[in-house]
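# Summary of structural features
In case you want the letters, here they are:
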Amino acid sequence: MTTPLTKYSPRAQEFRQFAEQECPQDPLYQAICRFTAESAELLDLLDAAPPTQARPNLLLAALHERVLAGVAHPIAAYYPSVGGTRMPDADLPETLLDFVRSERVALLAHLRTRHTQTNEIGRCAVLWPALQSIAQQRAQPKLALFDFGSSAGLNLGVDDYGYRYHSAQARFEAGAVGVPGRPVIDCQWLGSAPPLSVGEWRLVERIGADPAAIDIRDAAARRWLAACLWPHDRERAQRLQQALALAQQRPEQRRVLQAQDCVAALEAWLCRLPQGVQPVLFNSWVLHYLDAESLVAMRQRLATLMQQSALMWLSAEAPALRPAGLELPALAQGATPSTLWTLQWTEAGTLRQRALAWSHPHGRWLQWLAA
Ligand SMILES: C[S@@+](CC[C@H](N)C(=O)[O-])C[C@H]1O[C@@H](n2cnc3c(N)ncnc32)[C@H](O)[C@@H]1O
């Protein structure tokens, strides 16, 4: 029998830190994390998760899923995602414990098998001009997109969404703004002028690959995606539902391969591409899931692929995961370092790289860097 975790354990500390640093704007998640840090019974639940997943946000998503599933319980009153308006109060800890005890079997099943796997289409606010920039650089408007670690493949629908960019000087729109039923993403534009007005591009091929591909035909999988969002953020939740509805109408444009080795899937896909298209490999918030050894191996295989083909690698990751040797670009005043968008390709046999943009992890702002 394992010893129960105490409120002094590293896991308890992780929950306290999560409350302070990750969710200061979400009073419910703050309160749940603080209470969990004091409760051996709640901390022990995460023993069911694989060590790499045993994090506060997995437990929060598992609880949220049960609420979204419609379990009738007083805890729902605290969740804005199901219409709750009650603020965290002195009753919350007991209510939470009661909920956990009554939903224990389902919660443990989630903790054992699910991952904290969001699919954030807000990132398309940066993907859109990045694709435009690639088309311009290559003088090739026909693009083929491979989304590596694509989750449910919602970012493959980049050309289906609307974008409203706001800058200090102007406000401009791109994509499907004004088309009924289309998600619209608002994004603050910082930095250099956008490359939006020059030229056109279109996706002639698109596919995703993921070791834990999400099948959007499965209602439980769709609910898990929604559960990974925070209950107070209604805007993201609405955007997700719109993107899922659209994806269900266009399954052929959101195809995601279930692949343990996504680089091998990319190699096979490159071989099948028709002539006269520009292949683009895209990954966003995926590389931190790879251990150091796998990451080195992946970079080597991709360098070879970029030598052998016209592949361009667009990567949107934490700055520490930028290409080796790339200097960190300066950030606009007031912006916090978050997602760095970089581009790699081969020119005359030499691997080249440049930084394209900084952005908020969910695309609320972007700082365009490329000229
Ligand atoms: C945080 S989600 C990001 C999903 C999507 N790229 C986005 O921006 O919304 C991370 C994704 O990486 C996937 N992943 C984890 N390990 C991977 C690997 N070795 N190769 C490819 N994808 C991986 C996960 O299954 C998950 O879908």
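Quick look at the structure, then. (Residues numbered from 1 in each chain as written. Predicted model: local features only at pLDDT ≥ 70, side-chain atom pairs only at ≥ 80, totals over all residues. Heavy atoms only, no water.)

A complete count under the given rule lists eleven aromatic pairs for this structure. Arranged with centres 5.3 Å apart and planes meeting at 55°, the rings of Phe146 and Trp269 form a pair that is tilted. Taken together, the positions of Phe146 in strand β1 (residues 142–148) and Trp269 in helix α10 (residues 262–272) put the pair 123 residues apart, joining distant regions of the chain. When its relative accessible area of 0% is taken as the criterion, Phe146 is described as buried. Residue classification places Trp269 among the buried residues on the basis of a relative accessible area of 3%. (Phe/Tyr/Trp six-rings, centres within 6.5 Å; stacked < 30°, edge-to-face > 60°. Helix = DSSP H or I, 4+ residues; strand = E, 2+ residues; numbered from the N terminus. Buried < 20%, exposed > 50% of the residue type's maximum accessible area, 1.4 Å probe, protein only.)

What follows deals with the nonpolar core. Judged by nonpolar contacts, the single largest core of 51 residues is most densely connected at Val158, Tyr163, Tyr165 and Leu314. Of all the elements, helix α7 (residues 124–138) adds the most residues to this core, at nine residues. Sequence-distant contacts of Tyr163, defined by excluding residues within four places in its chain, comprise Cys124, Ala125, Trp128, Val158, Phe172, Glu173, Ala174, Gly175, Val177 and Ile185. Leu58, Ile75, Tyr78 and Trp224 belong to the second-largest nonpolar core, a separate cluster that totals 39 residues. (Core = buried A, V, L, I, M, F, W, Y, C linked by side-chain atoms within 4.5 Å. Contact = heavy atoms within 4.5 Å.)

When strand β9 (residues 339–347) meets strand β10 (residues 350–359), the two strands line up antiparallel, connected through nine bridges. Considered in β10, the bridge of Trp345 is made with Arg352. Once β9 ends, the chain turns through two residues before running back antiparallel as β10, passing Ala348 with a positive phi of about 45°. Sheet topology note: the β10/strand β11 (residues 365–368) ladder contains three bridges and is antiparallel. Counted as the bridge partner of Trp358 is Gln367 from β11. The turn joining β10 and β11, which pair antiparallel and follow one another in sequence, is formed by five residues; a positive phi near 75° is taken by Gly363. (Pairing = 2+ DSSP bridges.)

With that settled, the discussion passes to helix α5 (residues 92–102). Three or more residues of α5 are buried, namely Leu92, Thr95, Leu96, Leu97, Phe99 and Val100. Buried positions along α5 lie against α2 (27–38), α3 (40–45), α4 (56–68) and α6 (104–113).

Further remarks concern the sheet that holds β1. Pairing is mixed across the open sheet formed by eleven strands, whose spatial order is β3-β2-β4-β11-β10-β9-β8-β7-β1-β5-β6. Two strands close off the open sheet at either side, each with one partner strand: β3 (171–175) and β6 (256–258). For this sheet the average axis-to-axis angle between neighbouring strands, irrespective of direction, equals 25°. The strands touched by α7 are β1, β2 (162–166), β3, β4 (184–191), β5 (202–210), β7 (278–284), β8 (312–317), β9, β10 and β11; relative to β9, the strand with the most contacts, the crossing angle is about 20°. In the packing of α10 onto the sheet, contacts are made with β1, β5, β6 and β7, and the angle to β1 comes to roughly 160°. (Axes fitted to C-alpha atoms, helices over the stretch in contact; angles between N-to-C directions.)

If you walk through the whole model with that rule in mind, you get 21 salt bridges. The partner of Asp89 in a salt bridge is Arg86, with the nearest N and O atoms 2.7 Å apart. Here Arg236 makes a salt bridge to Glu120, at a shortest N to O gap of 2.6 Å. Placement of Arg236 in helix α9 (residues 234–249) and of Glu120 in the loop between α6 and α7 is noted, with a sequence separation of 116 residues between them. One exposure class covers both Arg236 and Glu120, and it is buried. When salt bridges that share partners are traced, they join Glu65, Arg66, Glu103 and Arg223 into one network. (Salt bridge = Lys/Arg side-chain N within 4 Å of Asp/Glu carboxyl O.)

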